[in-house]
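One-letter residues, chain by chain:
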Amino acid sequence: MTAEKSVSKTFRWFAKEVNQVARSATRFVRPSAKKPGSAPGTLIPVGERRIDKSRISLIDYDAQQLQEREVSEIREVLPMKDAPTVTWINIDGLHDMDLIRQVGDLFGIHALTLEDIVNTGHRPKMEEFETYLLVVLKMLYFNEAKNHIETEQVGLVLGERFLISFQEIPGDVFVPVRERLRKGKGRIRNSDCGYLAYALIDAVVDHYFLVLEVLGEKIEDLEQELLADPTRDGLRSLYVLKRELIYFRKQVWPMRELLASLAREESAFVHPSVTVFLNDVYDHTIQVIDTLESFRDVLSGLLDVYLSTVSNRMNEVMKVLTIIATIFIPLSFIAGVYGMNFEYMPELKWRWGYPALLLILFGIFSGMLLWFRRKKWL
Amino acid sequence: MTAEKSVSKTFRWFAKEVNQVARSATRFVRPSAKKPGSAPGTLIPVGERRIDKSRISLIDYDAQQLQEREVSEIREVLPMKDAPTVTWINIDGLHDMDLIRQVGDLFGIHALTLEDIVNTGHRPKMEEFETYLLVVLKMLYFNEAKNHIETEQVGLVLGERFLISFQEIPGDVFVPVRERLRKGKGRIRNSDCGYLAYALIDAVVDHYFLVLEVLGEKIEDLEQELLADPTRDGLRSLYVLKRELIYFRKQVWPMRELLASLAREESAFVHPSVTVFLNDVYDHTIQVIDTLESFRDVLSGLLDVYLSTVSNRMNEVMKVLTIIATIFIPLSFIAGVYGMNFEYMPELKWRWGYPALLLILFGIFSGMLLWFRRKKWL
Amino acid sequence: MTAEKSVSKTFRWFAKEVNQVARSATRFVRPSAKKPGSAPGTLIPVGERRIDKSRISLIDYDAQQLQEREVSEIREVLPMKDAPTVTWINIDGLHDMDLIRQVGDLFGIHALTLEDIVNTGHRPKMEEFETYLLVVLKMLYFNEAKNHIETEQVGLVLGERFLISFQEIPGDVFVPVRERLRKGKGRIRNSDCGYLAYALIDAVVDHYFLVLEVLGEKIEDLEQELLADPTRDGLRSLYVLKRELIYFRKQVWPMRELLASLAREESAFVHPSVTVFLNDVYDHTIQVIDTLESFRDVLSGLLDVYLSTVSNRMNEVMKVLTIIATIFIPLSFIAGVYGMNFEYMPELKWRWGYPALLLILFGIFSGMLLWFRRKKWL
Amino acid sequence: MTAEKSVSKTFRWFAKEVNQVARSATRFVRPSAKKPGSAPGTLIPVGERRIDKSRISLIDYDAQQLQEREVSEIREVLPMKDAPTVTWINIDGLHDMDLIRQVGDLFGIHALTLEDIVNTGHRPKMEEFETYLLVVLKMLYFNEAKNHIETEQVGLVLGERFLISFQEIPGDVFVPVRERLRKGKGRIRNSDCGYLAYALIDAVVDHYFLVLEVLGEKIEDLEQELLADPTRDGLRSLYVLKRELIYFRKQVWPMRELLASLAREESAFVHPSVTVFLNDVYDHTIQVIDTLESFRDVLSGLLDVYLSTVSNRMNEVMKVLTIIATIFIPLSFIAGVYGMNFEYMPELKWRWGYPALLLILFGIFSGMLLWFRRKKWL
Amino acid sequence: MTAEKSVSKTFRWFAKEVNQVARSATRFVRPSAKKPGSAPGTLIPVGERRIDKSRISLIDYDAQQLQEREVSEIREVLPMKDAPTVTWINIDGLHDMDLIRQVGDLFGIHALTLEDIVNTGHRPKMEEFETYLLVVLKMLYFNEAKNHIETEQVGLVLGERFLISFQEIPGDVFVPVRERLRKGKGRIRNSDCGYLAYALIDAVVDHYFLVLEVLGEKIEDLEQELLADPTRDGLRSLYVLKRELIYFRKQVWPMRELLASLAREESAFVHPSVTVFLNDVYDHTIQVIDTLESFRDVLSGLLDVYLSTVSNRMNEVMKVLTIIATIFIPLSFIAGVYGMNFEYMPELKWRWGYPALLLILFGIFSGMLLWFRRKKWL
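Residues numbered from 1 in each chain as written. Chains lettered and ligands numbered in written order. Predicted model: local features only at pLDDT ≥ 70, side-chain atom pairs only at ≥ 80, totals over all residues.

Trainee: Looking at this model, I keep getting lost on the overall build of chain A. Mind explaining?
Mentor: Secondary structure assignment for chain A yields nine helices and seven strands. Each of the 378 residues in chain A was classed as buried or not, and the buried ones make up 47%. Taking the contacts inside chain A whose residues are at least 6 apart along the sequence as the reference set, 70% of them involve residues at least 24 apart. (Helix = DSSP H or I, 4+ residues; strand = E, 2+ residues; numbered from the N terminus. Buried ≥ 20, exposed ≤ 12 C-beta atoms within 10 Å, placed from the backbone. Contact = placed C-beta atoms within 7 Å.)

And the structure:
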């Protein structure tokens, strides 16, 4: 009955778990940005609304001074647009279409660019326009509660003297960059917008390693679990991990091209001195992808181990059954023979018939055991 | 008997289902356009005739005015061919060879081009001729009744001042484009034929995301079903989904090249200002292919889960059998021994022989249970 | 005994079938054209001699007139070699080395070229020489009797005013081209040798689609068979189909490169106006390869279905065994206990002992059935 | 007991066979040419010493005359080095480091080149130096005794007027080339060193087809064996064949690049007229690789057949067990019931009880048979 | 009971072994070099501190003289920096950030370069700066105790007249190079810094072959073990070997690009005469990667063998069970029939009933044996 209980327990467990896996494949499809066939550049909020109200924050700096404040109306930042200082406008929240459109008008941003920024299901990409450079990135973090990787889209519009960054939610990934700006340490305060863009991209890519570490630890746990005792939970974890690797790869792969072209192309918005830094980020992305590939190979090795172990176990179970049955079925037959009620069975009348038979049975029993031992089944 | 019933039910179910799968692999082969060795450019209706009579509709517009009407004879549109307005001729139905030939003669279209348009089994492609640009596309939609993806071929002939679109059936994919033209909103009324071509291609590619969404939902359903309770139906769904992904990929893959060359090449028929839009469609196609690849990887992960779970189940079945057999076969043997009819079996005469044996049997029974519990089989 | 019969029937069936599969892998290796280390250009008949005597036929035409006749000596065609008309010499049978050598001498063909033409195990290829262009093609047809794809090598030597085609056997693939020449219809009579070469290549490639259709239908049949009832025959068919796809692919793959270079290169022997036609054939080849890849993926999906179904079946068989054994082994044990011959077994003397035990046995029986039903095994 | 015997026979067979497989993976690693970190160009004999004493043979020829002799001291050939004749020096045996060093000094060969020639674990490669061209090749032959492919390294140093070939053992692969030289037939006597190099390379590559044929025949045998009756020996053969294909591929793959660069590059040592011949060898190499790939796919198909057949067999075994057990276990139970010793079992006293029960038992037996037949298990 | 013991022994074994596998996947992720978003070029010690105190050693040489000594302060070497001699500074230990920073300042090394050198989790790479060339390499050695491959990062900074090498631990890989320098033998003393860099890279790559040899031997052992007797330990070894191959490949793959660009690029720091040597190292790297690929294919073949053998074994176990059960279950049934207690069972009273039945039983037994022999199960 214990087996039954364990089975139904397993099913209950799944009934519960399955809700956590629910709707996980939808992440792979981009939320449809617009009705098929509608005009390009149509701004329609896409994806779930993650925060209530968009927030605009401004940092304006050069080597000497730095000014930082929250802005309520985008028009306020206009005077700084072409000032010789570096103007970094950060906008959290992509659902206020009026705001996005105003930004577009004020900074002369193409309708398609705005659509790319607002459509959070977009693929990472880089596109150079006449007055600015668009970079669309994916921030990744591992949601332990839902047990999967989540993405946040980050859009950067890099002009000659300004940088506008768009985030879905007010994240903390740019906090260290702000800190460095405030402290005025390092190269960042002496550099232009391109370097700032690099710093933001670098912060995003550095975050990937945190996710990799989480995945690496999960793979290690799984490795130990599956090598010690393969269970169905382990199999499910393996599947979920594999799916997350697929998802991770899908998000990071386009980053490679993006950064390669950023680092190689002679863009008017990226000073040659920044190229060496971009090359560094490019290297990091390659490293992330390499590691993902290795993880995937390791997982496929683990699956082989799992499958073989399940087969081996079945083998062991079958051996136990076969040993027991092979020993006792013939013995039972012999006992059955002497349980027959024929009137003329001389052995039954012999004085030593019973002990003799017991000896014979024991002999067969021992012989079988020896045979199994020689076959290495015992 | 229930097992038997369930088996034959399964077979009946398949007998029924199989008809739905029937003739699905033929979609992969192009309907043979012509007898092998016959002259190129031979116009022979190919594939099933999907509508009764071909229909010609005309939209002629510039920024100021728009004229829209149904046309019965293709000659009527001739005067508009070289007018400065944009002339969009849409032809539904590809079985009226006379009509196609007339169009070819009037607009100076190469015989091979006409064959490419009429042969609905053609691969998506782009080819530039002296007086026009040919684009052959595939519209995809998911036929829920037949449970598979269907294709409709769309041919675009883009001249300097006209665009002819050929569809197999009067579809609704171009309706939103027509709406935008009528409303005179957006960039479309101020742009040339190239932009109109882009708008049509964009409408086709946007449709792919709808199909992706259907597939994504089916994969999610399957994921939940297979993780909870792997059945043979689940396996069949998995196979059908995989086949549809293969089919989808086969249709979309050439679109990638096509759009890449459209966006990169300096075609006389595509104004440089349209290139940024074509790049956008190209990005979408890449995204579709990426997602298809991810789906495929997810499906292969699901198959592993399915196979392992089937193995696991077998293991559980075998364990139940082994536990029962291992416990009761030896016990039966002992009972069989004392069922023998030897005259001289002293134990049979003992006063407490029977209860003692019952105790021994119970001891063996408990010992076995304990052993299985220690082996974690219970 | 029926099982035995079915088994030996299966073996007999294989013994018979295996002869049909026999010698199938040799097709993959080219018949060794020459003793290793012997001089290049050594003409040795290769492969089986398929026809008795080589046959030479001649068609000589221009837009105005056409002359067609059988030729007994190759010298007879010499006067036409440099005439302004298009001279098409077709040679059936590649075992008459003297004839081949004479052709080589008369038309100035390189020794290596002759070796390439005669060696029927050669890879499709294109090579330009000073006075001619060599194209080696593979004709494919499906031999239903032997149940595999067979190849025939076709060599084309394209000069400025002549085209020599070499075939292993007098095939019918060029018949429609001859028809078109005779009827004087279409572009073919007004064009040069290059167009004639295109027409022949096109006829060969069009034939591939016929083979694809045969394969597609076989896959469909297999799909229905395997989904309904996976048998060992199905598995064998699957293997044979996969092998044929591998073989097909091996033959067609080099055609792709060949046609790509034909269409792209500026060859003196191919007029630019023919390029658009060659591009068309190239497209068809790509389509053939695409379809082959899709077929292969579909087959691998079918294999998964087959394997899983076999596992599922085993599961069902095991369930039946387990249910029967699990129900009756304990019951037999109880019956065995009351079959023991102890003198003091009070139950045996009870008036209602027997009916009570029957009730108990029935209770256990029902309880087991219920348990299996709850486990969904019934 | 027969099963036991067959098992231990199997083990004995393996114990014997395993020695033949022994040390097979070491072939994949190059024998370490030098202590890590030692100077490049250090000449240390590598690999097993295959012959006792190195042998130098010389052929010196032009169109008019040919001189052939064995040479004991390498200095003797010096006068011919820059003579207008073609000087071919063949050195068998790579363990006489003094000889190798002398050759290096006399012909001005770079230390690294000598190391490449002597290190028999080297990858095929081509390298052009100022005064000569180095080509390192792999000769392959199938060692039937050891049942695996063996390699011999062939080094060619091609100068303007001389060619030095280095072989590990005095092989017969160059014999036909020598024959052609002696007979003075064909192009070879009228050509330069480059053509001689081509002839040698061609002889080596032609040998690959012999190995391919051996492999092809083995695959055919295996195909017939596995389709008829899959055994564990078959599986082992499959593994060994696969490993040999991997090994073959590893050796031939670099030949492709090597010949491609030989044929394409404008080397001072290869006359343009030889290029067409090198292209031919290149084609052959591609063909070898294609065939290897096809073989590999066929083998993987065979593995699937093998695995499925093993599963199928298990299914059949299980069916036999299940049929027997399912029929007789319930019957035994009924017989057991009437073997009980209750005093009040009215059936036992009935006159027709026994025949009636026999009838019932027979009825159950027949019913079961019918049921199995309906399930198609019989 | 032996089975039980063997099972728990297995578990104990794993409990022990698992600690050795522990934390193996972390090697794949680079230790996070810096807090995400912190400034690039931030020097933070990364990875475990492997030695206590950094050690600086200096070798300064030209063709005539060589000076070698330990240095306590990096400033001491400054005078030699621009001297015409070759100055090789080797620094063991990467945890003394002050030292690293001093080196950076004295030799004008970019902050990012220093970060790359200190961050031991970096991918092999090459980067050219204005005054130096950075090469980051991975030394690999096989840790037999932990049964896995370990890496040590080696950084080379190659200036015009100096070379600085950074190692994590004072390794012995450079010892032979030092020896060659001291002995003044060979080309090395007469060459510049570029050649010294080549010698160090060559020493590192040569070490890879030692690791390959270890892996090759392990694969051979595994091959023999798995072909003779597949055990679960073998499976685990297979998994561990596969994982190590993945790890090896991940480390060596970027070396390929690195050396290719080193050998091809026209770097100011690498004299053209060194290129031929670098090409040689490049060839070795390719060979390493080729061998890794082959190993991987061989391992996957071994896994197939393992899985099939496990299946085969199960088959054998099942056959034994089936033979025993199929023979004895029907016999037991017959014995059971004559054990019934019906009063009217005429056979029981027959004089020869018992011997007759014994004969019948023996006949059934023999018939079954014959049948199994015909089925080739015995």
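Trainee: In this structure, what is going on with helix α3 (residues 111-118) of chain A? I would like to understand it.
Mentor: Side chains that are three or four residues apart share a direction in an α-helix, a result of its 3.6 residues per turn. Residue and element names in this part refer to chain A. Burial runs high along α3: six of the eight residues are buried. Looking only at α3, the buried set comprises Thr113, Leu114, Glu115, Asp116, Ile117 and Val118. Along its buried surface, α3 packs onto α2 (97-107), β5 (133-143), β6 (148-158) and β7 (162-167).

Trainee: Which parts of the structure should I look at to understand the packing of helix α7 (residues 272-337) of chain D against helix α9 (residues 353-374) of chain D?
Mentor: Each pair of packed helices gets described by two things: the angle between the helix axes and the distance between those axes. Residue and element names in this part refer to chain D. Interaxial distance between α7 and α9 falls to 10 Å at its minimum, and their mutual angle equals 160°. Classed by the angle they form, the pair α7 and α9 counts as roughly antiparallel. As for how α7 packs across α9, the hand of that crossing is right-handed. In this structure, α7 uses Ile323, Thr326, Ile327, Pro330, Leu331 and Ile334 to contact α9, whose residues at the interface are Leu361, Ile364, Phe365, Met368 and Phe372. Residue classes in the contact of α7 with α9 are distributed as 10 nonpolar, one polar and no charged. (Axes fitted to C-alpha atoms, helices over the stretch in contact; angles between N-to-C directions. Parallel < 35°, antiparallel > 145°, perpendicular 65-115°, else oblique. Left-handed = near helix turned anticlockwise from the far one by under 90°. Nonpolar A, V, L, I, M, F, W, Y, C, P; charged D, E, K, R; others polar.)

Trainee: Is there a simple way to think about the relation of the copies chain D and chain C in this case?
Mentor: Two copies of a chain can be linked by a rotation about an axis combined with a shift along that same axis. Overlaying chain D with chain C gives an RMSD of 0.1 Å, the required rotation being 72° about an axis along which the chain moves by 0.1 Å. Those values place the two copies in the arrangement expected of a five-fold rotation axis. Scanning chain D for the C-alpha nearest the rotation axis identifies glycine 339 of chain D, at a separation of 4.5 Å. (Least-squares fit on C-alpha atoms with pLDDT ≥ 70 in both.)

Trainee: Is there a simple way to explain the relation of the copies chain D and chain E in this structure?
Mentor: By a simple turn and slide, chain D fits onto chain E: the slide is 0.0 Å along the axis, the RMSD is 0.2 Å, and the turn is 72°. The two copies present different faces, since only 18% of the interface residues in chain D are matched by interface residues at the equivalent positions in chain E.

Trainee: When you look at the sheet that holds β7 of chain A in this model, what are you seeing that I'm missing?
Mentor: What holds strands together in a sheet is hydrogen bonding between their backbones, with the strands either parallel or antiparallel. Residues and elements named next belong to chain A. The seven strands are arranged β2-β1-β3-β7-β6-β5-β4 in an open sheet whose pairing can be described as mixed. At either end of the open sheet lies a strand with only one pairing partner, and these are β2 (66-71) and β4 (125-128). Neighbour-to-neighbour, the strand axes of this sheet turn through a mean angle of 15°, independent of strand direction. Sheet topology places strand β3 (residues 86-92) next to β7; six bridges connect them, and they run parallel. Of the residues in β7, the one forming a bridge with tryptophan 88 is leucine 163. This element, α3, spans β5, β6 and β7 of the sheet and lies at about 5° to β5. (Pairing = 2+ DSSP bridges.)

Trainee: When you look at helix α7 (residues 272-337) of chain A in this model, what are you seeing that I'm missing?
Mentor: Between the first and last C-alpha of α7 of chain A there are 98 Å, a value that for 66 residues agrees with the 98 Å anticipated at 1.5 Å per step. Of all 66 residues that make up α7 of chain A, 49 are buried, and the element is covered over most of its length. (Expected span 1.5 Å × (residues − 1).)

Trainee: Explain the interface of chain D and chain C here, please?
Mentor: By a widely used convention, the size of an interface equals the accessible area lost when the partners come together. At the interface, 63 residues of chain D touch 57 residues of chain C. Taken together, the elements giving at least two residues each to the side of chain D that touches chain C come down to α4 (175-183), α5 (193-228) and α7 of chain D. Classifying every residue of the side of chain D that touches chain C by side-chain character gives 32 nonpolar, 18 polar and 13 charged.

Trainee: Any chance you could explain the sheet that holds strand β6 (residues 148-158) of chain D here in plain terms?
Mentor: All names here are of chain D. The strand order across the open sheet formed by seven strands is β2-β1-β3-β7-β6-β5-β4, and the pairing between neighbours is mixed. The sheet is open, and its two edges are formed by β2 (66-71) and β4 (125-128), each paired on a single side. Each strand axis lies, on average, 15° off the axis of its neighbour in the sheet, ignoring direction. Alignment of β6 against strand β7 (residues 162-167), held across five bridges, turns out to be antiparallel. Of the residues in β7, the one forming a bridge with valine 154 is glutamine 167.

Trainee: Is there a simple way to think about the interface of chain D and chain E in this case?
Mentor: Listed per partner, the contact involves 57 residues of chain D and 63 residues of chain E. For the side of chain D that touches chain E, the elements supplying multiple residues, two or more each, are α1 (2-21), α6 (232-264), α7, α8 (346-349) and α9 of chain D. By residue number, the principal contributor to the side of chain D that touches chain E is α7 of chain D, which donates 18 residues. Along the lines of polarity and charge, the residues of the side of chain D that touches chain E split into 33 nonpolar, 11 polar and 13 charged.

Trainee: I keep staring at the environment of leucine 200 of chain C and nothing clicks. Help me out?
Mentor: Residue and element names in this part refer to chain C. Locating leucine 200 in the fold gives a position in helix α5 (residues 193-228). For the pair leucine 200 and serine 165, spaced 35 residues apart in sequence, the C-alpha separation works out to 9.0 Å. When neighbours within four sequence positions are excluded, leucine 200 is seen to be in contact with Leu156, Ser165, Phe174 and Val177.

Trainee: Would you take a moment to explain the environment of threonine 291 of chain D for this structure?
Mentor: Mapped onto the secondary structure, threonine 291 of chain D falls in helix α7. Remark: the alpha-carbon pair of threonine 291 of chain D and glycine 216 of chain D, spanning 75 residues in sequence, is separated by 9.3 Å.

Trainee: Would you mind showing me how to read the pairing of strand β5 (residues 133-143) of chain B here?
Mentor: Residues and elements named next belong to chain B. Extensive coverage of β5 is indicated by the burial of eight of its 11 residues. As paired strands, strand β4 (residues 125-128) and β5 are joined by four bridges and run antiparallel to one another. Across the sheet, glutamate 127 pairs through a bridge with leucine 134, a residue of β5. Between the antiparallel neighbours β4 and β5 lie four residues. Hairpin connection between β5 and strand β6 (residues 148-158): a loop of four residues separates the two successive antiparallel strands, and asparagine 147 in this loop has a positive phi of roughly 60°.

Trainee: What is the right way to look at the pairing of β2 of chain D in this model?
Mentor: Each regular strand carries side chains that alternate between the two faces of the sheet. All names here are of chain D. The buried count for β2 comes to zero of six residues, which makes it a mostly uncovered element. Pairing geometry for strand β1 (residues 55-61) and β2, over six bridges, is antiparallel. Across the sheet, serine 57 pairs through a bridge with glutamate 70, a residue of β2. A loop of four residues connects β1 with β2, the two strands running antiparallel in sequence.

Trainee: I'm lost on the confidence of the model for chain A in this one. Help?
Mentor: Caution is warranted with low-pLDDT regions, since their predicted coordinates should not be read in detail. Residues and elements named next belong to chain A. Residue-level pLDDT values for chain A average 81, and 86% of them are 70 or greater. Taken element by element, the predicted model of chain A shows its lowest mean pLDDT in helix α1 (residues 2-21) (39) and its highest in β7 (92). With pTM at 0.78, the complex prediction returns an ipTM value of 0.71. (pLDDT = per-residue confidence, 0-100.)

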